[in-house]
Amino acid sequence: MNTIKLELEKALGASAQEQLQKIAPEVEKAIATLYEGNGVGNDFLGWLNLPAEIDHKFLTDIETTANSLRRKCRFVVVIGIGGSYLGAKAVIDALSSTFASYDANAKTQVLFAGHNIGEDYLADMQEFLKDKEFGIINISKSGTTTEPAIAFRLLKQQLENQVGKGEAQRRIVAITDASKGALRTLADNEGYKTFVIPDNVGGRFSVLTPVGLLPIAVAGFDIRVLVAGAQNMMQQCKTAPFESNIAAQYAAARNILYRDGKKIEILANFNPKLHYLAEWWKQLYGESEGKEGKGIFPASVDFTTDLHSMGQWIQEGERTIFETVISVENVNNTLVIPTDKEDLDGLNYLAGKRVDYVNKMAELGTQMAHVDGGVPNIRIVIPAVRENCLGALIYFFEAACAISGYTLGVNPFNQPGVEAYKKNMFRLLEKPGVK
């Protein structure tokens, strides 16, 4: 079942179908390259059929481990950077109560560390976790990536000091390589529960591996429904012809706009719960396409909030941008605007209407204004912010990213430029063996 709708009319105009048909042979070639597995980066295609390969036994193992942590821990710290935390953070934030962190009676909460080198951030976390029941999920292929390695060293020591080494071993889960690396060695030596990061799945495509599924399950959400949504979208992307394949058409539209001088894509939402979904999307597309002097720059905004800060630039700035708007059909709550006798704020004309109705009119009005201002608008509609819809949306973006990258003519699965800053940092830190 297709849970997502794609609207391109306000991006490509009256000639949308003509433009799509013109680029269709290139996109279909990219699709064939992807599914036949004969393109550059084909050793990182493990995500492609992953939803269909996830079985009951695997999910039960994830759920059992999550439940064990939930019984022992009021807080679980997920340590990772990039794809090792963004996907989980995106789903958890989208599904959680906005103010859960302030609820003293809330169940196990997931915190994140290792995604920066902020001394104050880590010190604040350590102070917060003093005398609290917490556990750790450490996510690292190698175990030596600087940011998560520092966070793990600090938090592991703190956990052992608070509950003892034996209990700490039962509260630490390692998600790492199957057989090699520093974290694998440590996990085997210490007896940590472990899950494997598949060799053929890159970090930014790893949401549906233990990297994303375990933290999401610890947060209390239904990973089976999430996976089912991804399975439905996977089947649609794999079997639908170009004319009805929304992942292929999104990839095509992006490349059409890029060739027309639209170098920046702004992912916009009108639901603040999707903020970190955009952060995950930025890594997915930026790291996949930004190479060889090519690639659309991925940016994001939260509307209507950012209409009061970025709205002017989007409306009248340099016309090198296009927008992709994630629109949510049905929110999970109902709030009706009340009547006020004094009406000093002049809002009685909205009395009796739902807040979401006002938000939807803001969305429509913004789209009209931006299109009139020369900003092409792609619209992606999801039924609701729920597990199955998020699973479908994640796989949709992954498939479209791979197709778009191949259409662009780059390897969507490597990231050679990421190492540049590390070499300089290690040299400045005088790391042994680095010149």
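In this text the structure is predicted, and so the values were computed from the model without any measurement.

Reading the values: the criteria
Residues numbered from 1 in each chain as written. Predicted model: local features only at pLDDT ≥ 70, side-chain atom pairs only at ≥ 80, totals over all residues. Heavy atoms only, no water. Helix = DSSP H or I, 4+ residues; strand = E, 2+ residues; numbered from the N terminus. Rg over C-alpha atoms; globule rule 2.2 N^0.38 Å. Buried < 20%, exposed > 50% of the residue type's maximum accessible area, 1.4 Å probe, protein only. Contact = heavy atoms within 4.5 Å. Areas by Shrake-Rupley, 256 points an atom, 1.4 Å probe, with all protein chains shown as cover. Lys, Arg positive; Asp, Glu negative; His and termini not counted. Charge placed at Lys NZ, Arg CZ, Asp CG, Glu CD. Patch = residues over 30% accessible without salt bridge, like charges linked within 9 Å, V, L, I, M, F, W, Y side chains within 5 Å. Salt bridge = Lys/Arg side-chain N within 4 Å of Asp/Glu carboxyl O. Pairing = 2+ DSSP bridges. Axes fitted to C-alpha atoms, helices over the stretch in contact; angles between N-to-C directions. Arc of directions from axis to C-beta. Core = buried A, V, L, I, M, F, W, Y, C linked by side-chain atoms within 4.5 Å. Phe/Tyr/Trp six-rings, centres within 6.5 Å; stacked < 30°, edge-to-face > 60°. Lys NZ or Arg CZ within 6 Å of the ring centre and 35° of its normal. Polar contact = N/O pair within 3.5 Å; in protein donor to acceptor, adjacent residues only side chain to side chain. Expected span 1.5 Å × (residues − 1).

Colleague: What exactly am I supposed to notice about the overall build of the protein chain here?
Modeller: From N to C terminus, the protein chain includes 17 helices and 10 strands. In terms of overall size, the protein chain behaves like a compact globule, its C-alpha atoms giving a radius of gyration of 23 Å where 435 residues would be expected to give roughly 22 Å. The dimensions of the protein chain, computed from C-alpha atoms along their principal axes, are 65 × 65 × 45 Å. In the protein chain, which comprises 435 residues, the proportion classed as buried is 51%. Excluding contacts between residues fewer than 6 apart, the proportion of contacts in the protein chain whose partners are at least 24 apart in sequence is 78%. For the protein chain, the computed accessible surface area is about 20000 Å², with 52% contributed by carbon and sulfur atoms. The averaged location of the 51 negative side-chain charges in the protein chain is 5 Å from the averaged location of its 45 positive side-chain charges.

Colleague: Whenever I open this one, a nonpolar patch on the surface confuses me. Can you help?
Modeller: Taken together, Y357, V358, M361, L364 and M368 make up a surface patch of nonpolar side chains, about 440 Å² in accessible area. Mapped onto the elements, L364 comes out in helix α15 (residues 355-372).

Colleague: Where do I start with the sheet that holds strand β9 (residues 321-328) in this structure?
Modeller: Either a parallel or an antiparallel arrangement is found when strands of a sheet pair, and the pairing is made through backbone hydrogen bonds. Taken together, five strands build an open sheet; the order of strands is β1-β10-β9-β7-β8 and the sheet is mixed. Of all the strands in the sheet, just β1 (5-7) and β8 (297-302) have a single pairing partner and so form its edges. Each strand of the sheet is rotated relative to its neighbour by a mean of 20°, with strand direction disregarded.

Colleague: Please clarify how helix α6 (residues 119-129) should be interpreted in this entry.
Modeller: The set of residues buried in α6 consists of L122, M125 and L129. In a view along the axis of α6, the buried residues occupy a sector of 60°, so they form one face of it. Of the exposed residues in α6, the ones pointing more than 90 degrees away from its buried face are E119, D120 and D124. Packed against the buried residues of α6 are β2 (75-79), β3 (109-113), β4 (134-139) and α7 (146-163). The first or second residue beyond α6 is D131, which carries a positive phi of 65°.

Colleague: So what exactly am I meant to see when it comes to the nonpolar core here?
Modeller: In summary, soluble globular proteins display a tendency toward joint burial of nonpolar side chains. With 103 residues, the main nonpolar core has W47, I137, W280, I378, F396 and F397 as its most contacted residues. Setting aside residues up to four positions removed in sequence, W280 forms contacts with L86, G87, A90, R204, V207, I394, F397 and E398. Among the nonpolar cores identified, the runner-up in size contains 20 residues, and A113, M125, I136 and A187 belong to it.

Colleague: Looking at this structure, how should I read unusual backbone geometry?
Modeller: The general pattern is negative phi for most residues beyond glycine and trans for most peptide bonds. A cis geometry characterises the amide bond from F303 onward to T304, with omega recorded as 5°. The residue T304 is located in the loop between β8 and α14 (311-316) in this model. Even without a glycine there, the phi angle at D131 is positive, about 65°. In this fold, D131 is placed in the loop between α6 and β4.

Colleague: Is there a simple way to think about the sheet that holds β3 in this case?
Modeller: Within the open sheet, the five strands sit side by side as β3-β2-β4-β5-β6. Their pairing is parallel. Unpaired on one side and paired on the other, β3 and β6 (193-196) mark the two borders of the sheet. Along the sheet, successive strands turn relative to each other by an average axial angle of 20°, direction set aside. Pairing geometry for strand β5 (residues 172-176) and β6, over four bridges, is parallel.

Colleague: What is the right way to look at the packing of aromatic side chains in this model?
Modeller: Each aromatic ring pair is specified by the distance between its two centres and by the angle formed by the two planes. Using the criterion set out here, one finds 16 aromatic pairs in the structure. The interplanar angle of 70° and the centroid separation of 6.3 Å between the aromatic rings of Y250 and Y285 together place this pair among those described as edge-to-face. Placement of Y250 in helix α12 (residues 246-259) and of Y285 in helix α13 (residues 275-289) is noted, with a sequence separation of 35 residues between them. Among the aromatic side chains, those forming a connected cluster through ring pairs are Y250, W280, W281, Y285, F396 and F397. Just above the ring of F426 sits the side chain of K431; from NZ or CZ to the centre is 4.1 Å.

Colleague: Could you clarify how one ought to interpret the pattern of salt bridges in this entry?
Modeller: As a working rule, side chains carrying opposite charge can pair if their charged atoms are close by. In the structure shown here, the tally under the stated rule is 24 salt bridges. For R170, the salt bridge identified is with E167, shortest N-O distance 3.1 Å. Of this pair, R170 and E167 both sit in helix α8 (residues 165-171), separated by three residues, roughly a single helical turn. Among the ionic contacts, a cluster of salt bridges with common partners joins K72, E133, E167, R170 and R171.

Colleague: Sorry if this is basic, but what is going on with the side chain of E160 here?
Modeller: Positionally, E160 belongs in helix α7. Residues in contact with E160, not counting those within four places in the same chain, are K165 and A168.

Colleague: Where do I start with the side chain of N377 in this structure?
Modeller: With respect to the helices, strands and loops of the structure, N377 is situated in strand β10 (residues 377-382). Engagement of the side chain of N377 in a polar contact is seen with the side chain of E323, the distance being 3.0 Å. There is a polar contact of 3.2 Å between the side chain of N377 and the backbone oxygen of V375.

Colleague: How should the pairing of β4 be read in this particular structure?
Modeller: Walk down a regular strand and you will see the side chains alternate between the two sheet faces. For β4, the buried fraction is high: six of the six residues fall into the buried class. Of the two faces of β4, both are covered, the one formed by F134, I136 and N138 as well as the one formed by G135, I137 and I139. As paired strands, β2 and β4 are joined by five bridges and run parallel to one another. If you follow V78 over to β4, its bridge partner there is I137. Summarising the sheet, β4 and β5 pair through four bridges and their orientation is parallel. Across the sheet, residue I137 finds its bridge partner in β5, namely V173.

Colleague: Sorry if this is basic, but what is going on with helix α16 (residues 387-408) here?
Modeller: The periodicity of an α-helix, 3.6 residues per turn, causes residues three or four places apart in sequence to face the same way. For α16, built from 22 residues, the straight-helix expectation of 32 Å at 1.5 Å per residue is met to within 8% by its first-to-last C-alpha distance of 31 Å. Of all 22 residues that make up α16, 21 are buried, and the element is covered over most of its length. Of the residues trailing α16, G409 is marked for its positive phi of about 95°.

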